[in-house]
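Listed below are the residues making up each chain.
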Amino acid sequence: MNRALFVQLRSGPPVAEVYRRTIEITVHAERLGFGTVWFAARHFEAHHAALPSVFPFVAAAAQHTDRVRLGTGVVTVPFEHPVRLAEDAAVTDALSGGRLELGLGKGLGFGHSATSYAGFGVSDAERETIYTRRVAELHRILDSGQVGDDIALYPPPGTLRSRIWQSTGNIDTARRIAAAGDGLLPHGNSQARAGGSVTELVDAYLDSSRGTPRIGTNVAVLPGDSERDSLALLEADIALSPRYYPQPTDLRKYLTDNRILIGSNEQITARLTEDPDRPVATDVLYYVPLAVHHPRYLDCLTRIAALSTNQAIRTA
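Residues numbered from 1 in each chain as written. Predicted model: local features only at pLDDT ≥ 70, side-chain atom pairs only at ≥ 80, totals over all residues. Heavy atoms only, no water.

> Honestly, the overall build of the chain in this entry has me stumped. Any pointers?
Of the regular secondary structure elements, the chain holds twelve helices and twelve strands. The globule rule puts the C-alpha radius of gyration for 316 residues at 20 Å, and the 19 Å found for the chain is close to it. By the burial criterion, 53% of the 316 residues in the chain qualify as buried. Sequence-distant contacts in the chain: of pairs separated by 6 or more residues, those separated by 24 or more amount to 72%. Across the chain, the 32 positively charged side chains and the 35 negatively charged ones have centroids separated by 1 Å. (Helix = DSSP H or I, 4+ residues; strand = E, 2+ residues; numbered from the N terminus. Rg over C-alpha atoms; globule rule 2.2 N^0.38 Å. Buried < 20%, exposed > 50% of the residue type's maximum accessible area, 1.4 Å probe, protein only. Contact = heavy atoms within 4.5 Å. Lys, Arg positive; Asp, Glu negative; His and termini not counted. Charge placed at Lys NZ, Arg CZ, Asp CG, Glu CD.)

If you want it as structure tokens, here you go:
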């Protein structure tokens, strides 16, 4: 199982500081043995996100790392021309030495992407049709290396086609992802599923899979010395980023609503292994729900690296 890190860059501090700090986190994650670092991308500061253009950031992170794979989490395909998307991905992959993991999606829906659709002048009602058509065109381009008759994609895509992932909360989309041979990044918090279980998504994907399945699952964790210590991490983060949280914040309700596991490594291990809804995954994307400039963010990564070596986590 691949141990990965999912990073959400949060607006608030000067954005250059957020970007530099996230690159430092990526370097640290590589040293700790994480196989992939995924970067959350959203437009127009949706839900206080700070990264609307993910390819330049991945290219920058690649210049500071050697081995860790770098994922786009995710490119909102309805806002992209498939030829330009293929070119951007191919250039980024070349700069990273073939380490790009190309994550694609439609946008979360609800309030998080409605502004983005309006900003790009794209009809939210057409997201499914546009997404399906453009992903199929991107597949064709990366499969063939050809944009059209006698027009080759440059740089050549190499093996990039085999490193596409799609994020969805839609069962029909999960089946199409499997049929295409792409990896699945399932989520329940979407317009399609509204916080529901991801088990049906994974089952639909596995039922339609034609090759070796690739399934990534998010696990939000705040590891500390104890539950009280984990709560202190969250309290400090609320003080750092008050706009990010509902006010007033009910800590226990926030943790439950966002399925964040807290406590010592032993406590988190027990909860992970007992969770019947956690899909069998090829990639576990650990998410630290803190601002990247939180003073104990790197400490959390070190604890997660130790947590991930536990045999129960890797085989459950």
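That was the structure; now back to the text.
> Honestly, helix α8 (residues 227-240) in this entry has me stumped. Any pointers?
Since the α-helix advances by 3.6 residues per turn, residues separated by three or four positions end up pointing in the same direction. End to end, α8 covers 20 Å across 14 residues, agreeing with the expected 20 Å (1.5 Å per residue, within 8%). Taken residue by residue, α8 has D229, S230, L231, L233, L234, D237 and I238 as its buried positions. (Expected span 1.5 Å × (residues − 1).)

> Would you explain the side chain of R161 in this entry?
Along the polypeptide, R161 turns up in the loop between β7 (151-152) and β8 (164-168). A relative accessible area of 13% places R161 in the buried class. A polar contact of 3.4 Å, which involves the side chain of R161, links it to the side chain of D143. Not counting residues within four places of it along the chain, the set of residues in contact with R161 comprises H139, L142, D143, A180 and D182. (Polar contact = N/O pair within 3.5 Å; in protein donor to acceptor, adjacent residues only side chain to side chain.)

> Mind showing me how you'd approach the packing of aromatic side chains here?
Each aromatic ring pair is characterised by the separation of its centres together with the angle its planes make. Applying the stated criterion to the full structure yields nine aromatic pairs. Seen from their ring centres, W38 and W165 are 5.7 Å apart, and the 90° between their planes marks the pair as edge-to-face. Highlighted residues: W38 in strand β2 (residues 36-40) and W165 in strand β8, separated in sequence by 127 residues. Each member of the pair W38 and W165 is classed as buried. An aromatic cluster is present here, built from F44, F79, Y117 and F120 joined pairwise through their rings. Above the ring of F34, the side-chain terminus of R3 is found at 4.8 Å from the ring centroid. (Phe/Tyr/Trp six-rings, centres within 6.5 Å; stacked < 30°, edge-to-face > 60°. Lys NZ or Arg CZ within 6 Å of the ring centre and 35° of its normal.)

> Looking at this structure, I do not really get the pairing of strand β12 (residues 283-287). What am I missing?
It is a general feature of regular strands that their side chains alternate between the two faces of the sheet. With five of its five residues buried, β12 lies for the most part within the structure. Here β12 shows two buried faces, one formed by D283, L285 and Y287 and the other by V284 and Y286. As defined by bridge partners, strand β1 (residues 2-7) adjoins β12 across five bridges and the pair is classed as parallel. Looking at the pairing, N2 lines up with D283 of β12. The sheet contact formed by strand β10 (residues 216-223) and β12 spans five bridges and is parallel. (Pairing = 2+ DSSP bridges.)

Don't take any of this as a statement about function, it's just geometry.
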